[in-house]
Amino acid sequence: MRSTRQPLKHVASVSVSNVDKKSKDDEIPVRLVNYTDVYYGDRLTPNLELMRATATPAQVDSFSLENGDVIITKDSETVNDIGVAAFVERSEPAMVCGYHLAILRPRPDQIHGRYLYWAVKGDDALGQLATSATGVTRYGLRLDAISNATIWTPALEEQRAIADYLDTETARI
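Presented here is an overview of the structure given in this document.

Quick notes on the rules
- All residue numbers here refer to positions counted from 1 along the written sequence of the relevant chain.
- It should be noted that, the model being predicted, local features are given only for residues of pLDDT at least 70 and side-chain atom pairs only at 80 or more, the latter also being counted only at that level, while totals for whole chains, interfaces and linings use all residues.
- The side-chain quantities take in all heavy atoms of the structure and omit both hydrogens and water.
- Secondary structure elements follow DSSP: runs of H or I no shorter than four residues count as helices, runs of E no shorter than two count as strands, and numbering proceeds from the N terminus.
- Note that the radius of gyration is over C-alpha atoms, with the globule rule given as 2.2 Å times the number of residues to the power 0.38.
- Under the scheme applied here, a residue whose accessible area is under 20% of the maximum for its type counts as buried, over 50% as exposed, and between as partly exposed, the area being computed with a 1.4 Å probe on protein chains only.
- Any two residues whose heavy atoms approach within 4.5 Å are treated as being in contact.
- For the area figures, the Shrake-Rupley method with a 1.4 Å probe applies, and any residue is considered shielded solely by the protein chains shown.
- Here, nonpolar core means buried Ala, Val, Leu, Ile, Met, Phe, Trp, Tyr and Cys residues that are tied together by side-chain atoms lying within 4.5 Å of each other.
- Basic side-chain nitrogens of Lys or Arg form a salt bridge, by our definition, when they fall within 4 Å of a carboxyl oxygen of Asp or Glu.
- Two strands are counted as paired when DSSP detects at least two bridges linking them.
- In this analysis, axes come from line fits to C-alpha atoms, helices being fitted only over the stretch in contact, and the angle between any two N-to-C directions falls in the range 0 to 180 degrees.

Time to look at the overall build of the protein chain. Of regular secondary structure, the protein chain possesses 7 helices and 13 strands. Against the globule reference of 16 Å for 173 residues, the protein chain gives a C-alpha radius of gyration of 16 Å, in line with a compact fold. Expressed as a percentage of the 173 residues in the protein chain, the buried residues total 49%. Considering only contacts in the protein chain between residues 6 or more positions apart, those separated by 24 or more positions represent 79%. Carbon and sulfur atoms form 52% of the exposed surface of the protein chain, whose accessible area is close to 9000 Å².

Right under this line is the structure:
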């Protein structure tokens, strides 16, 4: 099967978090994945020291992380920091994505999560996201800009092989 170029919205559900760092008595306690957790870490797992905060039940439903999700930065002071990605290697209940971030949840019949992570980290996707960012002193991406960014999507077996290779070689380096 040949590789095709597809918008992210065709291979993953895309959502933009609005969960802030505040804690309220009438909300659910969560472990919050923040901008810096994504910016400085390639892999997200339950053993990370995450901020404690709270979220509404609707936010917990919408922004709880799942194994295989890809989180990207969607706001920053420079366009060079837009689209920085982290892969959710393992999640746990109440591990929630914070604001200034977007969740790319792979559609398993379309894309492999680790391949999506590597594809979004590539210069092509980063260039599209940087070009789509708007702002003057702070830059941000709208949901449609993220959803319409395109990536190459080879067959699932090839995606897994590419992700395995990149994981292995990056670890070796």
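This part takes up the nonpolar core. Counting residues in hydrophobic clusters, the biggest one holds 27 residues, and the most contacted among them are Leu8, Val70, Ile72, Leu104, Leu116, Ile146 and Ile151. If you list the elements that add at least two residues to this core, you get helix H1 (8-11), strand S2 (12-16), strand S6 (70-73), strand S8 (85-88), strand S10 (101-106), helix H4 (113-121), helix H5 (123-132) and helix H6 (143-148). For Leu8, the residues in contact, after removing those within four places along its chain, are Val14, Leu104, Leu116, Val120, Ile146, Ser147, Ala149 and Ile151. In terms of nonpolar packing, the next biggest core, distinct from the first, is built from 21 residues, Tyr35, Phe63, Val88 and Cys97 among them.

Evaluation of the coordinates by the stated rule reveals 13 salt bridges. Between Arg43 and Glu89 there is a salt bridge, with the nearest N and O atoms lying 3.6 Å from each other. Placement of the pair is Arg43 in strand S4 (residues 43-44) and Glu89 in the loop between S8 and strand S9 (95-97), with a sequence separation of 46 residues. The partner of Arg114 in a salt bridge is Asp167, and the shortest N-O contact between them spans 2.4 Å. With Arg114 in helix H4 and Asp167 in helix H7 (residues 156-172), this pair connects stretches of sequence that are 53 residues apart.

Here we come to the sheet that holds S2. As a general point, the strands of a sheet are linked pairwise by backbone hydrogen bonds and lie either parallel or antiparallel. Across the sheet, which stays open at both edges, the 5 strands sit in the order S2-S10-S6-S8-S4 with mixed pairing between neighbours. Single-partner strands in this sheet number two, and they are S2 and S4. In this sheet, S10 lies alongside S2 in antiparallel orientation, the contact comprising 5 bridges. Paired with Val16 across the two strands is Ala102, which belongs to S10. Its contacts with the sheet place H4 against S2, S4, S6, S8 and S10, and it is angled at close to 175° to S8.

A word on the sheet that holds strand S12 (residues 139-140). Read from one edge to the other, the open sheet built from 3 strands follows the order S7-S12-S11, with strand pairing classed as antiparallel. The open sheet has two free edges, formed respectively by strand S7 (75-76) and strand S11 (134-135), since each of these has just one partner strand. In terms of strand pairing, S7 meets S12 through 2 bridges, oriented antiparallel. By the bridge assignment for S12, Ser76 is matched with Tyr139.

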